[in-house]
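Single-letter residue listing:
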Amino acid sequence: MQIEGKRVLVTGASRGLGRTLAFAFAEAGASEVLAGTRKEEDRNNLRTEAANIGANITPVQLDITSDEDVAAVATLGPIDILVNNAGVAGYGNPVTMDFTAVRGELEVNYLGTLRMVRAFVPAMVEQKQGVVVNVATAFAKVNLPIIGTYCATKAALLSLGQALRAYLSDKGIVVITVLPTTIDTDMSRGADVPKMGKEFVAGEILEAIRQEKHDPPIGDEAQGVLSGLAKDLIGFEKMLAQYRA
């Protein structure tokens, strides 16, 4: 799908990849970019920055765990491209880490995304076109134990995308799950690993939309994850097992 003239909604747009995506879509010619944030301060900052450069970005109150927030944004009208970017990550041993944190990952990364899909896809079905982009990770394919529960929720998201394709592809809707590895954002601040720039990842996501790619890995490291799994699934899993909290 071409991006020019399309109406886009990006969740988790207050900072990091989501914020970068909002401006990338605006620069690419989207007619309007709805930028979802949870805090008024972030919306004000976005509004000011967008106005300064003439970007057609509309900040909206959007906590994707809130039925009320999601329903309110849905009343603003149909969208052409939904980018489910909002996410949270916990670190640690799944056996001992705080269960509230685990539940929070599930509520945002999986259930929040499903809530967004259920709210916005029906209008896409009526339009007979649309794109849903779910931001997962290459480690949805094989678990990275230091963020094991996060990877598990992203594996669920990858699987959800496959189910959505089964129900929506014949209705003109493209479903893409993008698979980056670590991005240089606040979420990964404490991780001593190679990181991709937000601008690079945003550009790759826009290109995946234009080409309607099927669940693309993003970046060399993600390509390496998929190659490693193809060559030696068990050995690659054992190699990653050393990365523990």
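Quantities reported herein were computed from a predicted structural model and do not represent experimental measurements.

Visitor: Tell me what's going on with the sheet that holds strand β1 (residues 7–10), and back it up with residues and numbers.
Guide: Ordered by their spatial adjacency, six strands build an open sheet running β3-β2-β1-β4-β5-β6, and the pairing between neighbours is parallel. Each end of this open sheet is capped by a strand with a single partner; those strands are β3 (57–61) and β6 (173–178). Averaged over all neighbouring strand pairs, the angle between strand axes comes to 15°, with direction disregarded. As paired elements, β1 and strand β2 (residues 32–37) share four bridges and run parallel to each other. From the neighbouring strand, L9 faces β2, where its bridge partner is L34. The strands touched by helix α2 (residues 40–53) within the sheet are β2 and β3, with β3 carrying the most contacts at an inclination of about 175°. Sitting on the sheet, helix α6 (residues 198–211) touches β4 (81–84), β5 (130–135) and β6, and the angle it makes with β5 is about 145°.

Visitor: With reference to specific residues and values, describe the nonpolar core.
Guide: Formed by 39 residues in total, the largest nonpolar core has its most connected members in L9, L62, L82, M116, F120 and V132. At the level of elements, α3 (67–74), α4 (99–127), α5 (148–168), β6, α7 (220–231) and α8 (233–240) are the ones that each hand at least two residues to this core. Per element, the largest residue contribution to this core is seven residues, and it comes from α5. When residues no more than four places from it in sequence are discounted, the contact partners of M116 are L9, T11, L62, I64, V70, L82 and N84. If you look at the next biggest cluster of nonpolar residues, it comprises 36 residues, including A13, A22, A24 and I218.

Visitor: Which residues make up unusual backbone geometry, and what are the values?
Guide: The phi torsion at K128 lies on the positive side, around 65°, for a residue other than glycine. Following the sequence through the fold, K128 ends up in the loop between α4 and β5.

Visitor: Which residues make up helix α1 (residues 16–27), and what values go with them?
Guide: Given a rise of 1.5 Å per residue, 12 residues ought to cover 16 Å, and the 17 Å separating the end C-alpha atoms of α1 matches this to within 8%. For α1, the tally of buried residues reaches 11 of 12 residues, placing the bulk of the element in the interior. Buried within α1 are the following residues: G16, L17, G18, R19, T20, L21, A22, F23, A24, F25 and A26. The positive-phi residue at the C-terminal boundary of α1 is G29, with phi of around 100°.

Visitor: Give me the side chain of E105: which residues, what numbers.
Guide: As for its placement among the helices and strands, E105 is situated in helix α4. Buried within the structure, E105 lacks any salt-bridge partner; K154 is the closest side chain of opposite charge, at an N-O distance of 9.4 Å. From its side chain, E105 meets the backbone nitrogen of Y150 in a polar contact 3.4 Å long. Non-local contacts of E105, meaning those with residues more than four positions away in its chain, are made with V88, A89, G90, M97, Y110, T149, Y150 and T153.

Visitor: Account for α6, naming residues and giving values.
Guide: A rise of 1.5 Å per residue sets the reference length of α6, with its 14 residues, at 20 Å; its end C-alpha atoms lie 20 Å apart and thus fit the reference within 8%. By the burial criterion, the buried members of α6 are V201, A202, I205, L206, A208 and I209. Projected down its long axis, α6 shows its buried positions confined to an angular sector of 155°, all on one face. Immediately downstream of α6, the backbone of E212 shows phi near 50°, a positive value.

Visitor: Account for the environment of L229, with residues named and values stated.
Guide: Within the secondary structure layout, L229 lies in helix α7. The class for L229 is buried, based on a relative accessible area of 14%. When the C-alpha positions of L229 and K141 are compared, they lie 8.3 Å apart, and in sequence the two are 88 residues distant. In this view, L229 contacts K141, V142 and F236; residues no more than four positions away in its chain are not counted.

Visitor: Residues and numbers for the pairing of β3, please.
Guide: Of the strand pairs in this sheet, β2 and β3 are connected by five bridges, and their pairing is parallel. In the strand pairing of β3, V33 is matched with I57. Once the chain exits β2 it traverses α2 before rejoining the sheet at β3, and the crossover so formed is right-handed.

What counts and how
- Residues numbered from 1 in each chain as written.
- Predicted model: local features only at pLDDT ≥ 70, side-chain atom pairs only at ≥ 80, totals over all residues.
- Heavy atoms only, no water.
- Pairing = 2+ DSSP bridges.
- Helix = DSSP H or I, 4+ residues; strand = E, 2+ residues; numbered from the N terminus.
- Axes fitted to C-alpha atoms, helices over the stretch in contact; angles between N-to-C directions.
- Contact = heavy atoms within 4.5 Å.
- Core = buried A, V, L, I, M, F, W, Y, C linked by side-chain atoms within 4.5 Å.
- Buried < 20%, exposed > 50% of the residue type's maximum accessible area, 1.4 Å probe, protein only.
- Expected span 1.5 Å × (residues − 1).
- Lys, Arg positive; Asp, Glu negative; His and termini not counted.
- Salt bridge = Lys/Arg side-chain N within 4 Å of Asp/Glu carboxyl O.
- Polar contact = N/O pair within 3.5 Å; in protein donor to acceptor, adjacent residues only side chain to side chain.
- Arc of directions from axis to C-beta.
- Right-handed = clockwise from strand over helix to strand, strands pointing away.

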